[in-house]
Amino acid sequence: MAWDTLWINAHIATMQPANGDPYGSIRDGAIATDGDDIAWIGPMGDLPTEEYRKTEFVYNAEGRWITPGLVDCHSHIVYGGNRAGEFEQRLEGATYEEISRAGGGIVSTVRATRDASEDALVAAATPRVEALLAEGVTTLEIKSGYGLETETELRMLSAARRIGETLPVSVATSFLGAHALPPEFADRADAYIDLVCDEMIPALNGHADAVDAFCENIGFTRDQTRRVFEAAKAAGLPVKLHAEQLTDMKGAALAAEYGGLSADHLEFVEADGVEAMARAGTVAVLLPGAFYFLRETKLPPLDLFREKGVGIAIASDSNPG
């Protein structure tokens, strides 16, 4: 058995629960690799002496933890401009909904993103992604949703793909055309959903791995979201959903009805939505960064998720807000 790299004197999280240890930790352990494969893992006391001596690169972790690569399954990390001014508004008491209805929030980022080239989007996103990599992220989901027109949505998704090609991270992309109502479709939400379903989704052509939407009182209705899901289904793409962040719109149950990969946020989800997710195997993606940054006070029903056996994931929700 050949080893090329060995880490010694490490605490290792195997993520295989045993003997009451939820992380399956190996204290005072070592881990060896052969190329991209783990060749050996175990306690320091069991380390094979011969292979140890032959290993070219040996690193002393000095008691640090080695964990599996982290998966950030919900991010909006590709966009133009910034919304630093909204931070002051929130400090003065403005809510996310108030800022959004006044023309800030998602719509303000849309203007800057439409003006940005693909190269500019990649350049702006790269340091944000590098910061996540430094914290252990190895797989990253990146959403579109700040173009709200076909050309810019595709440009965002193309930029996201390029990040996966130029940085050491696996990237999955989600099309989020139904993120907000663009200014040119003011008071014409159904017409905009027509555009999403009839033009944008058919144009994806390999740019996206999934279709997402924002089902909320400041986003899109349950019926409009269903239309997006039907278009995704026709295109052979799985769905996920921003659901129950501000109100209970029964979005989690809708996502589950379509076999959704996940329902995300979920502060206001009720028992019926949780039960539907459990039946469908839809994962609850919780976003504590958004929860605390928006000064939310209502927690997602964590105990109910556990009781019903709903899988739980934690993600950054890295976004311009």
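This write-up is about the structure you can find in this document. Keep in mind that what you see is a predicted model, and the values were worked out from it rather than measured. (Residues numbered from 1 in each chain as written. Predicted model: local features only at pLDDT ≥ 70, side-chain atom pairs only at ≥ 80, totals over all residues. Heavy atoms only, no water.)

On to the packing of aromatic side chains. Tallied over the entire structure, the rule returns seven aromatic pairs. Where Tyr79 meets Tyr146, the ring centres are 6.2 Å apart and the plane angle is 75°; that geometry is what we call edge-to-face. A residue pair is termed long-range when its members are at least 10 positions apart, and Tyr79 in the loop between strand S6 (70-72) and helix H2 (84-91) and Tyr146 in the loop between strand S7 (137-143) and helix H6 (150-166) qualify at 67 residues. Tyr146 carries the same exposure label as Tyr79, and that label is buried. Every member of this aromatic cluster is reached through a ring pair, and the members are Phe185, Tyr192 and Phe220. The ring of Tyr79 has Arg128 lying over it, and the distance from NZ or CZ to the ring centre is 3.7 Å. (Phe/Tyr/Trp six-rings, centres within 6.5 Å; stacked < 30°, edge-to-face > 60°. Helix = DSSP H or I, 4+ residues; strand = E, 2+ residues; numbered from the N terminus. Buried < 20%, exposed > 50% of the residue type's maximum accessible area, 1.4 Å probe, protein only. Lys NZ or Arg CZ within 6 Å of the ring centre and 35° of its normal.)

Any two side chains of opposite charge can pair, on the condition that their charged atoms come close. A complete count under the given rule lists 20 salt bridges for this structure. Here Asp209 ties to Arg161 by a salt bridge, and the two come within 3.0 Å at their closest N and O atoms. One end of the pair, Asp209, is in the loop between helix H7 (189-203) and strand S9 (210-215); the other, Arg161, is in helix H6, and 48 residues separate them in sequence. The partly exposed category is assigned to Arg161, whose relative accessible area is 23%. (Salt bridge = Lys/Arg side-chain N within 4 Å of Asp/Glu carboxyl O.)

Side chains Lys240 and His242 of strand S10 (residues 240-243) all project onto a buried face; the interleaved residues Leu241 and Ala243 project onto the opposite face, where all are buried too. Pairing geometry for S9 and S10, over two bridges, is parallel. Opposite Phe214, over in S10, you have His242 as the bridge partner. Between S9 and its parallel partner S10, the chain crosses via helix H8 (residues 222-234), and the hand of that crossover is right-handed. Looking at chain direction, S10 and strand S11 (residues 262-265) are connected through four bridges and run parallel. Bridge pairing in S11 places Leu241 opposite Ala263. Between S10 and its parallel partner S11, the chain crosses via helix H9 (residues 251-257), and the hand of that crossover is right-handed. (Pairing = 2+ DSSP bridges. Right-handed = clockwise from strand over helix to strand, strands pointing away.)

Attention now goes to the state of the cysteines. According to the stated counting rule, one finds zero disulfides in the structure shown. Here Cys73 stays free of any disulfide, with the sulfur of Cys215 as its closest cysteine sulfur at 19 Å. Distance from the sulfur of Cys197, which forms no disulfide, to the nearest cysteine sulfur (Cys215) is 13 Å. Using a relative accessible area of 10% as the deciding quantity, one classes Cys197 as buried. (Disulfide = S-S within 2.5 Å.)

On to the sheet that holds S6, then. Ordered in space as S6-S7-S8-S9-S10-S11-S12-S13, the eight strands form an open sheet in which the pairing is parallel. The open sheet has two edge strands with one neighbour each: S6 and strand S13 (312-314). With direction set aside, neighbouring strand axes in the sheet form an average angle of 25°. Of the strand pairs in this sheet, strand S8 (residues 170-178) and S9 are connected by three bridges, and their pairing is parallel. In the strand pairing of S9, Ser174 is matched with Ala210. Packing of H8 onto the sheet brings it into contact with S8, S9 and S10, and relative to S9 it is tilted by some 175°. (Axes fitted to C-alpha atoms, helices over the stretch in contact; angles between N-to-C directions. Contact = heavy atoms within 4.5 Å.)

If you look at the biggest cluster of nonpolar residues, it comprises 62 residues, and the most contacted ones within it are Val78, Ile163, Phe175 and Leu266. For this core, the element with the most residues is H7, which contributes seven residues. In this structure, Leu266 is in contact with Ala243, Glu244, Gln245, Ala252, Met277, Ala284, Val285, Pro300, Pro301 and Phe305, ignoring residues within four places of it in sequence. Core analysis: the second largest hydrophobic core is formed by seven residues, Trp3, Leu6, Trp40 and Leu47 among them. (Core = buried A, V, L, I, M, F, W, Y, C linked by side-chain atoms within 4.5 Å.)

By the element assignment, Ser158 lies in helix H6. With 48 residues separating them along the chain, Ser158 and Gly206 place their C-alpha atoms 10.0 Å apart. Excluding residues within four positions of it along the chain, Ser158 makes contact with Glu118 and His207.

Two elements in contact, helix H5 (residues 118-134) and H6, have axes whose closest approach is 9 Å; the angle formed by their N-to-C orientations is 50°. With respect to H6, the axis of H5 lies oblique. The hand of the H5/H6 crossing is right-handed. Listed contacts from H6 to Glu118, Asp119, Leu121, Val122, Ala125 and Val129 of H5 are Arg155, Met156, Ser158, Ala159, Arg162 and Ile163. Its residues assigned to classes, the contact of H5 with H6 shows seven nonpolar, one polar and four charged. (Parallel < 35°, antiparallel > 145°, perpendicular 65-115°, else oblique. Left-handed = near helix turned anticlockwise from the far one by under 90°. Nonpolar A, V, L, I, M, F, W, Y, C, P; charged D, E, K, R; others polar.)

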